[in-house]
Amino acid sequence: MVDRNGWGRDASTSSGTTHAPPESFVEQANVSDPGVHDEFETNWPDCWERAAALLSWDEPYETVLADGDAPFYRWFADGRLNASYNCLDRHLESGRKNHAAIRWEGKRGERRTYTYRDLYVEVNEFAAALRDRGVEEDDVVTIYLPMIPELPIAMLACARIGAPHSVVFAGLSADALATRMDAADSEYLVTCDGYYRRGDAFNQKSKADNARIALEQDVRTVVVDRLGDDLPHVLGDDEWDYHDLRDEFAGETVAPVSRGAEDMLFLMYTSGTTGEPKGVVHSTGGYLAHVAWTSHAVLDVKPDDTYWCAADIGWITGHSYIVYGPLALGTTTVMYEGTPDYPDRDRLWEIVDRNAVDVFYTAPTAIRAFMKWGSDYPGDHDLSSLRLLGTVGEPISPRPWNWYREHIGGGDCPVVDTWWQTETGAVTISTLPGIDAMKPGSAGPPLPGIDARVVDEAGDDVAPGETGYLTIGRPWPGMARTLYDNDERFVAEYWRRFSEPASDDWRYFSGDTARVDEDGYITVLGRVDDVISVSGHRLGTVEIESAIADADGVAEAAVVGRSSETGETDIYAYVSTESGHDSGREIRRAIRDNVESAIGPLARPEAVIFTPELPKTRSGKIMRRLLEDVANGEELGDTSALRNPEIVGEIQAEIGDAD
Ligand code: WT7
């Protein structure tokens, strides 16, 4: 039974080509009974016990959901468990101690494998060290490390002693680190001396030192020696070398602290927002249950798989799908420190090939880069071990989706386009690869039990094909519990707009716009602030970008609104091309035709600006706000958060010429 939506095989429908899950995949899928959608619907909220059952509880819960204090929901609240126990000890007890937990691939070609036992030993030693140096249950420990094994080790050590961690992406500045530590009243920091990027050494410790100077509180710091140079990296009192601590606490074990399911597992500050960062609070029980369940049902992770999520643990994707989800399931998780194009553009495929990776999960921005580089790079490697591919982080249009399936997945791997957010904790919209047909360009139906709906300003469901706001009507286990120390802002940011507290009707607002088709498949268009209003019509930038990106030779596109003197908004498109294609008339015509036929003449860009690359944040998001300022000739703010700040000047020169 793979035919829930009536497409027994690949078919063309009004909403484009659909692909049924391949029979060979369905046969082995963790979840392949189409009844799961109905089961969750009729049995809600108890259906979520299926997720909780993937965990080991110190004390079983009795109540699945407590909703008396909405929107502050509590899941499995009277149960108790420890996340580090669930990710380590229980796998040792079940005879998997020599199974690889982490396969680490370093930037300079180093490799390290940690078995579950190795990981257990090191996590215990570090947990003992943290406790000895003063960390108590509920103290927030800030972790400011690049993609080295000590990062997940430190996270699990915190979880073991019941100290919430707050991981700050290693590429962020000293200011950003100080702001986050200050907001979380964090008095403990785990960092390193530095790290390598494309062969150059970067000093991380000096950023950490500058943050400490800016902070009022005293900060006790542990420093991992990553560079292996002779420079001293442990300077003052209250600073310790990680490896010295390990020697000091060698062989020590720490009993995992039994935590209430609702106790905070970690804090994650959201990236890229203006003003105060938001400290998203995640729980221990509901979060872990939801990430384990989605790793099982959506990413189809099996204990004997080699699984690779090529994200950074500094963001939520890495927390949920490099560390907690895969380790809870006892699988082998690959951790990669480097970039996809160093030493060459086939680096990822070399790693997939050598490790026989079964499941690979990455972001559309990476997929578009692979497509731009061409199919020879993956073509040179044996990728036949791959069984499932995933994407997350941005909308992916059909062309890169198809390219991914074809050139990485060999044409027969299902591709899951997973929609979720820092705040949702785990995947909430995606096809189930063993059940649902795929539609390139659409994330898919809400997961079983998730009440995602696209609504208009008044909160009513929009008709199929119409654009609206993406909301979620019922709570789910992995959801954020609040914003750290700021319940009011939590309500204001996510709940006020579409909820009716008077009738106890609570609806979460994601901040995204979306469309839903007649089969209930949701296509996420972009953030609300990515909407351009042209002559009173609301156009999603992503919709236009997708049409442009579908033109032959286009690698990537970003569109923004530019206000004209008459108060109209014009569309400006920034486009990078695939190698071998130039910015000639042909490609301009293809772009125009595509936009016209996909959306209408209304959406035709007023100007198309070609650029070798689009400006991106370090997490790979296109900086549309910056491109908007460039188009409008406005003063540009700080561009230091960009991965490629040098591109901005080139684009400005290009616009100057076009004007
Ligand atoms: C925003 C959340 C959650 C992992 C990484 C990002 C966008 C995420 C998709 C997708 C279209 C997506 C949304 C969302 N987004 N996944 N499959 N299709 N858009 O986490 O930084 O909290 O960003 O990323 O706009 O709101 P984040």
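In the annotation of an unreviewed UniProt entry, the chain is listed under the name Acetate--CoA ligase and assigned to Natrinema pallidum. Its UniProt record, at the heading Sequence similarities (unreviewed entry), says of the chain: "Belongs to the ATP-dependent AMP-binding enzyme family."

The next subject is the pairing of strand β17 (residues 279–283). Judged by how many residues are buried, β17 sits mostly within the fold: five of five residues are covered. Taking every second residue as pointing to the same face, both faces of β17 are buried, with Gly-279, Val-281 and Ser-283 on one and Val-280 and His-282 on the other. Pairing of strand β16 (residues 264–269) with β17 involves five bridges; the strand directions are antiparallel. Bridge pairing in β17 places Tyr-269 opposite Gly-279.

With that settled, consider the sheet that holds strand β23 (residues 452–455). Neighbouring strands of a sheet are bound in pairs by backbone hydrogen bonds; such pairs are parallel or else antiparallel. Read from one edge to the other, the open sheet built from four strands follows the order β23-β24-β26-β27, with strand pairing classed as antiparallel. Because the sheet does not close on itself, it has two edges, and the strands there are β23 and β27 (522–527). Between one strand axis and the next, the sheet turns through 45° on average, direction left out of account. Across five bridges, the pairing between strand β24 (residues 467–472) and strand β26 (residues 508–516) is antiparallel.

So, on to the side chain of Thr-333. With respect to the helices, strands and loops of the structure, Thr-333 is situated in strand β19 (residues 332–336). For Thr-333, a relative accessible area of 1% corresponds to the buried category. Within the structure, the side chain of Thr-333 is placed 3.0 Å from the backbone oxygen of Ile-322, a separation counted as a polar contact. When residues no more than four places from it in sequence are discounted, the contact partners of Thr-333 are Ala-101, Ile-102, Arg-103, Tyr-307, Ile-322, Pro-326 and Leu-327.

At a minimum axis separation of 8 Å, helix α10 (residues 285–297) and helix α11 (residues 316–328) run at an interaxial angle of 85°. As far as their axial angle goes, α11 and α10 are roughly perpendicular. Between α10 and α11, the contacting residues are Tyr-287, Leu-288, Val-291, Ala-292, Thr-294 and Ser-295 on the first element and His-319, Ser-320, Tyr-321, Tyr-324, Gly-325, Pro-326 and Ala-328 on the second. Classifying every residue of the contact of α10 with α11 gives eight nonpolar, five polar and no charged.

Right, let's talk about the packing of aromatic side chains for a bit. Tallied over the entire structure, the rule returns 31 aromatic pairs. Taking 6.1 Å as the distance between ring centres and 50° as the angle between the ring planes, the aromatic pair formed by Tyr-73 and Trp-495 counts as tilted. Taken together, the residues span a long stretch of sequence, with Tyr-73 in the loop between β3 (65–66) and β4 (74–75) and Trp-495 in the loop between α16 (487–494) and β26 at a distance of 422 residues. Pairing Trp-349 with Phe-370 gives two aromatic rings, centres 4.8 Å apart and planes at 80°, and the pair type is edge-to-face. Here the residue Trp-349 occupies a position in helix α12 (residues 347–355), and Phe-370 occupies one in helix α13 (residues 364–373), the gap between them amounting to 21 residues. Trp-349 gets classed as buried once you look at its relative accessible area, which sits at 1%. Following the ring pairs from residue to residue traces out a cluster consisting of Phe-72, Tyr-73, Trp-476, Phe-490, Tyr-494, Trp-495, Trp-506 and Tyr-508. Geometry around Trp-240 places Arg-133 over its ring, the cationic atom sitting 5.0 Å from the centre.

Rules used throughout
Residues numbered from 1 in each chain as written. Predicted model: local features only at pLDDT ≥ 70, side-chain atom pairs only at ≥ 80, totals over all residues. Heavy atoms only, no water. UniProt positions renumbered as here; feature names shortened; annotations may be inferred. Buried < 20%, exposed > 50% of the residue type's maximum accessible area, 1.4 Å probe, protein only. Helix = DSSP H or I, 4+ residues; strand = E, 2+ residues; numbered from the N terminus. Pairing = 2+ DSSP bridges. Axes fitted to C-alpha atoms, helices over the stretch in contact; angles between N-to-C directions. Polar contact = N/O pair within 3.5 Å; in protein donor to acceptor, adjacent residues only side chain to side chain. Contact = heavy atoms within 4.5 Å. Parallel < 35°, antiparallel > 145°, perpendicular 65-115°, else oblique. Nonpolar A, V, L, I, M, F, W, Y, C, P; charged D, E, K, R; others polar. Phe/Tyr/Trp six-rings, centres within 6.5 Å; stacked < 30°, edge-to-face > 60°. Lys NZ or Arg CZ within 6 Å of the ring centre and 35° of its normal.

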